[in-house]
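# Summary of structural features
Below are the chains, spelled out letter by letter.
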Amino acid sequence: MEAVVRSFPRGGGAWAACRSLAARRRATLAPRVLRAGGTMASYPEPPEDTVQILRDIANRLRIHSIQATCASNWGHPTSCCSAAEIMSVLFFYTMKYKPTEPGNPNNDRFILSKGHAAPILYAAWAEAGDVNQSDLMNLRKIDCDLEGHPTPRLSFVDVATGSLGQGLGAACGMAYTGKYFDKASYRVFCLLGDGEASEGSVWEALAFASHYKLDNLVAIFDVNRLGQSEAAPLQHCTDVYRKRCEAFGWNTYVVDGHDVEHLCEAFWKAAQVKNQPTAIVAKTFKGRGIPDIEDADNWHGKPMPKDKMDSIIKTIESQIQTHKNLPPHLPVEDVPEVNISNVKMPSLPAYQIGDKVATRKAYGAALAKLGHACDRVIALDGDTKNSTFSELFKKDHPERFIECFIAEQNMVSVALGCATRNRTIAFASTFAAFFTRAFDHIRMGAISQSNINLSGSHCGVSIGEDGPSQMALEDLAMFRTVPNCTVFYPSDAVSTEYAVHLAANTKGMCFIRTSRPDTSVIYSPFENFKIGQAKVIYQSADDKATVIGAGVTLHEALAAAAELSKEGISIRIIDLFTIKPLDRATILSSARVTEGRIITVEDHYKEGGIGEAVCAAVSGIPGISVHQLAVNGVPRSGKPGELLDMFGISAKYIIKAVKSIMTN
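Definitions and cut-offs
Residues numbered from 1 in each chain as written. Predicted model: local features only at pLDDT ≥ 70, side-chain atom pairs only at ≥ 80, totals over all residues. Heavy atoms only, no water. UniProt positions renumbered as here; feature names shortened; annotations may be inferred. 1 Å grid on protein atoms, 1.4 Å probe; cavity = no way out; pocket = protein on both sides within 12 Å on 5 of 7 lines; lining within 4 Å. Points joined across faces, edges and corners; volume = space filled by probe spheres on them. Helix = DSSP H or I, 4+ residues; strand = E, 2+ residues; numbered from the N terminus. Nonpolar A, V, L, I, M, F, W, Y, C, P; charged D, E, K, R; others polar. Pairing = 2+ DSSP bridges. Axes fitted to C-alpha atoms, helices over the stretch in contact; angles between N-to-C directions. Contact = heavy atoms within 4.5 Å.

If you look the chain up in an unreviewed UniProt entry, it shows as transketolase from Monodelphis domestica. Per UniProt, the chain has the following entry under Subunit (unreviewed entry): "Homodimer." UniProt annotates the chain under Sequence similarities (unreviewed entry) with the comment "Belongs to the transketolase family."

Below, the structure written as structure tokens:
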């Protein structure tokens, strides 16, 4: 009895437009002899009973997906059905993993970039034995970890997906780690939808993977023609996908995505290819196997009608010939053991009080130093390494530096992938302003419970003549909103080195904000820094106001204090060190001493910055007022000192603010 998945209905106009090209150019994947490792290897065709079992598993995956989405009354069963054969072949024929240990570092990796097809991922793990099949009926319920899109609440999910276009970048990080750091046998598979191929980040990842010859990476494009609200732009023109992937340097096969024999062969061939990643362009049909719904518009994100579900299930069940399963192949156990906990700096900071050092340079020096303490510290940069000073890490540890070029979205995703399964301590750097274009990737990193560390240099108007396009004035607001993100804002070279050390040992995402100008070292190498603990660096028994700053504005506050002291006016100065978490206790105790007068000064927009963080911390406390000095409006090119004056955040304006609040 021939399974239903072997037939292909004719599509509409798009199918007709590209069918002749596809017919000529479609990879036939006929068995042929290949050279692998110096010996001749030919494709080992799977036995017919194995082929039938894979077809049957695919149909069971369809049934699970339809039933689960119908039970929850939400979900994407049609997007699951197009990928059923792909998932069956991957999980039960191609991939090597221990189903009872999904997080085992030796296992092959799988990322479902088209995260809305989560039910079929859960179904695959149910068939593999790691998920109870009865739990599939609790899909999307608040007390069930089988969420609408995959998250690492599940042991078999490495990175959260669902915001489309991001899975392949993370897969690149995993593959890079496997090839160059672990030097291990595991392979990485990423399933993408055709709709998300419109995302630019997908092409950033494609360029990265070919540049670094990631031959342990396979991307599968599920070309099911239909998007959410209308057809995808290329519809079923698989030959165009092939040409584009090949142009980006990928070994590419076009296959019938519902033919398990074609898929088995394509994945086997991908494993024989050296120095190139492989793309498998799979022509599929959305809603495959569902009568009257297969390849039909307006069924994205809709469960099957409850009154039709039994009939649909019976139709698919009629195609199943066996109820056998195939145990997955076990992985090669050649991943080295690593320990990335409790990493210590090999020595104290080498700076002396009064030295003039930019915190961006101190960041690079600290990272290079940390790299000597742990061979699992890695650095990534977006072609700004001579400005962020991550080049100092590259000089000392070239084999652990990843140049991501001008593709910040992909850089963040690659870092996420590198950090999965605790394989590395990843630091990624660029101008802080350029992280704004990667915010969705950062947001998804937080949902992924990632421990990556991001360093943004060139913050604020103090960068000077380069002008507003290079000035980060929104970054504190952005990173403060990220769940479980620690936000460091060091003010000198010593505190920067401690920030790097603390970030390496902190769970959750970390952001380190660094500045361009040289500033004086104000701390001894023996100073103790803790997350969430501010420093009162200037005080007396008769302070009239508490001034809170960070980075360059802390030095402006110190200059203001020196001038005010000549007039007999004393102020208290707080260096926050971390903006999140904020040291509320120190702020409140200082405010009480200074009769409730607080001035915040920051090289950042008012919205979402230090001032608003302090206002939130003292909210509801009577007798405290906060006067905020911040950048107001779009800046321009100029000398750093001129710009600090223009936007009212220099020592002169701090002095003015102190006198004003004393008067009022």
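What follows deals with the layout of surface pockets. The calculated volume of the largest pocket comes to roughly 390 Å³. Looking at the largest pocket, it is lined by 22 residues, and the ones nearest its centre are Thr94, Lys96, Asp108, Arg187 and Ala271. Contributing elements (two or more residues each) for the lining of the largest pocket: α4 (84-94) and α9 (260-272). Classifying every residue of the lining of the largest pocket gives 12 nonpolar, 5 polar and 5 charged.

Quick look at unusual backbone geometry now. For the bond from Lys580 to Pro581, the omega torsion is 0°, close enough to zero to count as cis. Checked against the element boundaries, Pro581 lands in the loop between β19 (577-580) and α19 (584-593). For Asp383, which is not a glycine, the phi torsion comes out positive at approximately 60°. Phi angles above zero are rare outside glycine, and Glu595 is one such case at about 55°.

Spatially, the 5 strands line up as an open sheet ordered β16-β18-β17-β20-β21, and their pairing is mixed. Each having just a single partner strand, β16 (535-538) and β21 (625-631) make up the two edges of the open sheet. The average undirected angle you get between the axes of adjacent strands in this sheet is 25°. Bridge count between strand β17 (residues 543-549) and strand β18 (residues 570-575): 5 bridges; the pairing is parallel. Counted as the bridge partner of Ile548 is Ile574 from β18. Contacting β16, β17, β18 and β20 (597-605), helix α18 (residues 552-566) crosses the sheet at an angle of about 165° to β18. Running at roughly 175° to β18, α19 makes contact with β16, β17, β18 and β20 of the sheet.

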